[in-house]
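# Summary of structural features
Okay, here's what each chain looks like letter by letter:
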Amino acid sequence: KLSWQGVSGAYSEAAAQKAYPNSEAVPCDQFETAFEAVEGCTVDRAVLPIENSLGGSIHRNYDLLLRHRLHIVGEINYAVRHCLLANRGVKVEQLKRVLSHPQALAQCEYTLTRFGLVREAVDDTAGAAKYVALSKLEDTGAVASSAAAAIYDLDILAEDIQDDSDNVTRFLMLGREAITPDTDRPFKTSIVFSLEEGPGVLYKALQIFAKEQINLTKIESRPWRRSSLRSPGDNANGLQKCFHYMFYVDFEASMASDNAQNALKALDELATSLRVLGSYPADTTII
């Protein structure tokens, strides 16, 4: 059993089916609910988006990775093909607005502007399609998948409306237990760490991976949510330190390899905190 966020017809559902074809799907309203379903043993895995090649990172899920104690056990690259959907018989010329997830709207900005549609953001793409169908709207369309069109009996007014054909969303597969890494196939490892402030500290941290000939595929900084890390006396100007960051890094190496072990040992000596989020097989396909 596995959890994913959204309603039937969501891209997350399609990615989950690619990851675990014979699984029982448990859709969740919120990303956090999908995390909690795994932690509470309601499901065995969660499949959740982490970044898009056009829209960038899904920051909410980066924050939830830090908050929850799950392990990344795999990744899925899924090619996203957006469609403009409307109720049966509705023409493009009748539409005044379009609903979808903010990232989907951003990914189709050129086409939607050409159609002269006002964009309104909602929680997910398939949810937008469902709402348009159930509300029987004639002046409102949705940006969603062709699967959502079939499920909610909507017409596809335009296909492949994303601004760039290379529109890929990367999904993470999460489990309660880490998998045992090996070196017989391409692996990725994801970590999160924090550093003391100072000139060149981040450079020193990243230099560790260069020394070990490890390629970094992603680095993301996110605020570390705590009220204050130093007293006013710690700063010359008397101001409290209110901004501190965690760094998420993905790199191409298995934790079973000597170079990854050496890199993390050196980073642990430099970092104020370090956590391995998972070491897992890299997805070298795009579907």
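Residues numbered from 1 in each chain as written. Predicted model: local features only at pLDDT ≥ 70, side-chain atom pairs only at ≥ 80, totals over all residues. Heavy atoms only, no water.

This is how the line gets drawn: UniProt positions are given in the numbering used here, feature names are shortened, and annotations may be inferred rather than shown by experiment.
Per an unreviewed UniProt entry, the chain goes by Arogenate dehydratase and derives from Linum tenue. The heading Subcellular location (unreviewed entry) in the UniProt record of the chain holds the text "Plastid, Chloroplast stroma". Per UniProt, the comment on the chain under Catalytic activity (unreviewed entry) is "L-arogenate + H(+) = L-phenylalanine + CO2 + H2O".

## Some words on the overall build of the chain
Quick note on the threshold: Numbering of helices and strands runs from the N terminus; a helix is a DSSP stretch of H or I covering at least four residues, while a strand is a stretch of E covering at least two. Note on contacts: a residue pair is in contact if any heavy atoms of the two residues lie within 4.5 Å. In short, Shrake-Rupley with a 1.4 Å probe defines the accessible areas, and a residue's cover is counted only from the protein chains shown.
Along the backbone of the chain there are nine helices and 15 strands. Dimensions of the chain, computed from C-alpha atoms along their principal axes, come out at roughly 65 × 50 × 35 Å. Put simply, of all contacts in the chain between residues at least 6 apart along the chain, 77% involve residues at least 24 apart. Of the roughly 14,200 Å² of accessible surface on the chain, 49% is carried by carbon and sulfur atoms.

## Quick word on the pairing of strand β2 (residues 25-28)
How we decide: Pairing between strands requires that DSSP locate at least two bridges from one strand to the other.
When strand β1 (residues 2-5) meets β2, the two strands line up parallel, connected through four bridges. Bridge assignment links Trp4 to a residue of β2, and that residue is Pro27.

## Considerations on the pattern of salt bridges
Operational definition: One side-chain nitrogen of Lys or Arg within 4 Å of one carboxyl oxygen of Asp or Glu is enough to make a salt bridge. For every residue, the accessible area obtained with a 1.4 Å probe (protein chains only) is divided by the maximum for its type, and the residue is called buried under 20%, exposed over 50%, and partly exposed between those limits.
Inspection of every chain in the model, using the stated rule, returns 15 salt bridges. Where Asp283 meets Lys18, a salt bridge forms, and the shortest distance between an N and an O atom there is 3.2 Å. Of this pair, Asp283 sits in the segment after β15 (273-281) while Lys18 sits in helix α1 (residues 11-19), and the two are 265 residues apart along the sequence. When its relative accessible area of 15% is taken as the criterion, Asp283 is described as buried. In this structure Lys18 comes out as partly exposed when scored by relative accessible area, which is 22%. A salt bridge links Glu75 to Arg170, with the nearest nitrogen and oxygen atoms 2.6 Å apart.

## Regarding helix α9 (residues 258-270)
Keep this limit in mind: For a helix, the expected span equals 1.5 Å multiplied by the number of residues minus one. Relevant arc is that of directions from the helix axis to the C-beta atoms, nothing else.
For α9, spanning 13 residues, the distance from its first C-alpha to its last is 19 Å, which sits close to the expected 18 Å at 1.5 Å a residue. Within α9 the residues assigned to the buried category are Ala260, Ala263, Leu264 and Leu267. When α9 is viewed along its axis, its buried side chains cluster within an angular range of 95 degrees and face the same direction. Relative to its buried face, α9 has exposed residues pointing more than 90 degrees away, namely Asp258, Lys265 and Glu269. Its buried side turned inward, α9 meets β12 (187-194), α8 (201-211), β14 (245-251) and β15.

## Structural notes on the UniProt feature "domain: Prephenate dehydratase" (unreviewed entry) in the chain
According to UniProt, the "domain: Prephenate dehydratase" (unreviewed entry) feature falls on residues 1-176. Its end C-alpha atoms 13 Å apart, residues 1-176 is made of 32% helix and 32% strand.

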